[in-house]
Amino acid sequence: MTAGIEKNVDEMNYFELLAWLGIGSSHPGGFPATKHNLENLQVSKDDYVLDAGCGSGLTACYLAKTAGCKIMGIDINPQMIEKARQRAEQENLSELLEFQVADVYDLTFPGNSFDLAMAESLTVFLDKVKVYKQFYRVLKPGGRLADLEMALVKELPPEIEEQMHQCFGPGTNPLSFQAWVDALQEAGFEYTGILNPQYLKPGSQLIIQELKQDWLLVKDLAEKVIEQPGLLGRLQKNAGFMRKNYGYFGFGMICGRKPLETRLNFLNRLRQMLNR
């Protein structure tokens, strides 16, 4: 069995499965959505970017190549960080990229450090407001948040919600687009829009799509299938859920901005007055 992995594939949670496969772009819309969104974000070479839940570094490396900016990539899984560093080195991007193991609930960076914080299919599994408050703290005044996440376009029946939890973990909690915006604003951000909102399409098989597109994953997939015969069945289970239930889901990049100091001070004074 691969070094560091002692569980059977059927016992792994969704994040462990992604880490073992080395997938870092398993989000709605896949890497094409990532590229489209990054073009619209118009990242400058002078921006310092936090890529939270960076996975194997696919998005960070692409952004470094296209924008020439410096990026800090973080992930809670050491396997992902190792793969991200490998990717950056092989693509000659190490001068622009740094990767660290970190918990998004407890970021250790100083306040007002970053110009842009971005995430992809991360917050859907976590406490939204708690994560957004961490992003808010480490962003500079006027800094931007861009979070590509799955959204509910209609209410999930209890039995389908249970199936979703079985496939992706009990913490999986996609919100309506309005509820995503509410969480963003509760953390202190000004809402600036949703980039590229759309319905999930038939055939949206997130993990399988990424396995086909990323060279870093394909090279050792055959060995993993031999080591873990249950892998194909697990992949088919996840893909089957999305194939049957795609009509309940959409996705988009939820965007916000940390207020500038003058506006931030005004909002703080207003909150104090209202709380008296």
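Residues numbered from 1 in each chain as written. Predicted model: local features only at pLDDT ≥ 70, side-chain atom pairs only at ≥ 80, totals over all residues. Heavy atoms only, no water.

Caption draft 1: Region of interest: the overall build of the protein. Each helix and strand in the protein was counted, giving 12 helices and eight strands. Per-residue burial over the protein gives 53% buried out of 276 residues. (Helix = DSSP H or I, 4+ residues; strand = E, 2+ residues; numbered from the N terminus. Buried < 20%, exposed > 50% of the residue type's maximum accessible area, 1.4 Å probe, protein only.)

Caption draft 2: Local environment of the nonpolar core. Grouped together as the largest cluster of nonpolar side chains are 72 residues, with contacts concentrated most on Leu50, Leu63, Leu97, Tyr132, Phe135, Phe189 and Phe249. Examining the composition of this core, we find that seven residues originate from one element, strand E5 (residues 139-152), more than from any other. Once you skip the residues sitting within four places of it in the chain, Phe189 turns out to touch Tyr132, Phe135, Tyr136, Leu139, Leu145, Leu184, Gly256, Arg257 and Lys258. Grouped together as the second largest cluster of nonpolar side chains are seven residues, Val9, Leu17, Trp20 and Leu231 included. (Core = buried A, V, L, I, M, F, W, Y, C linked by side-chain atoms within 4.5 Å. Contact = heavy atoms within 4.5 Å.)

Caption draft 3: Fine view of the packing of aromatic side chains. By the definition in use, this model includes six aromatic pairs. Ring centres of Phe168 and Phe241 lie 6.0 Å apart, and the angle between their planes is 70°; on these two criteria the pair is classed as edge-to-face. Residue Phe168 is found in helix H6 (residues 158-168), and its partner Phe241 is found in helix H11 (residues 231-245); the two are separated by 73 residues along the sequence. On the accessibility criterion, Phe168 (12% relative accessible area) is buried. With centroids separated by 6.3 Å and ring planes inclined at 55°, the aromatic side chains of Phe241 and Phe249 adopt a geometry described as tilted. Note on accessibility: Phe241 and Phe249 belong to one class, buried. (Phe/Tyr/Trp six-rings, centres within 6.5 Å; stacked < 30°, edge-to-face > 60°.)

Caption draft 4: Geometry of the pairing of strand E4 (residues 114-120). Along E4, seven of the seven residues are buried, which leaves the element largely enclosed by surrounding structure. Pairing geometry for strand E1 (residues 48-52) and E4, over four bridges, is parallel. When the sheet's bridge partners are listed, Leu50 is paired in E4 with Ala117. The pairing of E4 with E5 spans six bridges and is parallel. By the bridge assignment for E5, Met118 is matched with Ala146. (Pairing = 2+ DSSP bridges.)

Caption draft 5: Just the pattern of salt bridges, in detail. The final tally for this structure, using the stated rule, is four salt bridges. Of the charged contacts in the structure, one is a salt bridge between Lys45 and Asp46, with a shortest N-O distance of 3.5 Å. Here Lys45 matches Asp46 in class, with each residue exposed. Of the charged contacts, one joins Lys65 and Glu91 as a salt bridge, the two residues approaching to 3.1 Å between their closest N and O atoms. Linking Lys65 in helix H3 (residues 58-67) with Glu91 in the loop between helix H4 (78-90) and strand E3 (97-101), this pair joins segments that are 26 residues apart in sequence. (Salt bridge = Lys/Arg side-chain N within 4 Å of Asp/Glu carboxyl O.)

Caption draft 6: Representation of the packing of helix H2 (residues 30-41) against H3 within the structure. Packing of H2 against H3 leaves a shortest axis separation of 11 Å and a crossing angle of 40°. As far as their axial angle goes, H3 and H2 are oblique. Relative to H3, H2 is oriented so that their crossing is right-handed. Taken together, the residues of H3 that come into contact with H2 (itself represented by Phe31, Thr34, Lys35, Leu38 and Glu39) are Leu58, Thr59, Tyr62 and Leu63. Each residue belonging to the contact of H2 with H3 can be placed in one class, and the counts come to five nonpolar, two polar and two charged. (Axes fitted to C-alpha atoms, helices over the stretch in contact; angles between N-to-C directions. Parallel < 35°, antiparallel > 145°, perpendicular 65-115°, else oblique. Left-handed = near helix turned anticlockwise from the far one by under 90°. Nonpolar A, V, L, I, M, F, W, Y, C, P; charged D, E, K, R; others polar.)

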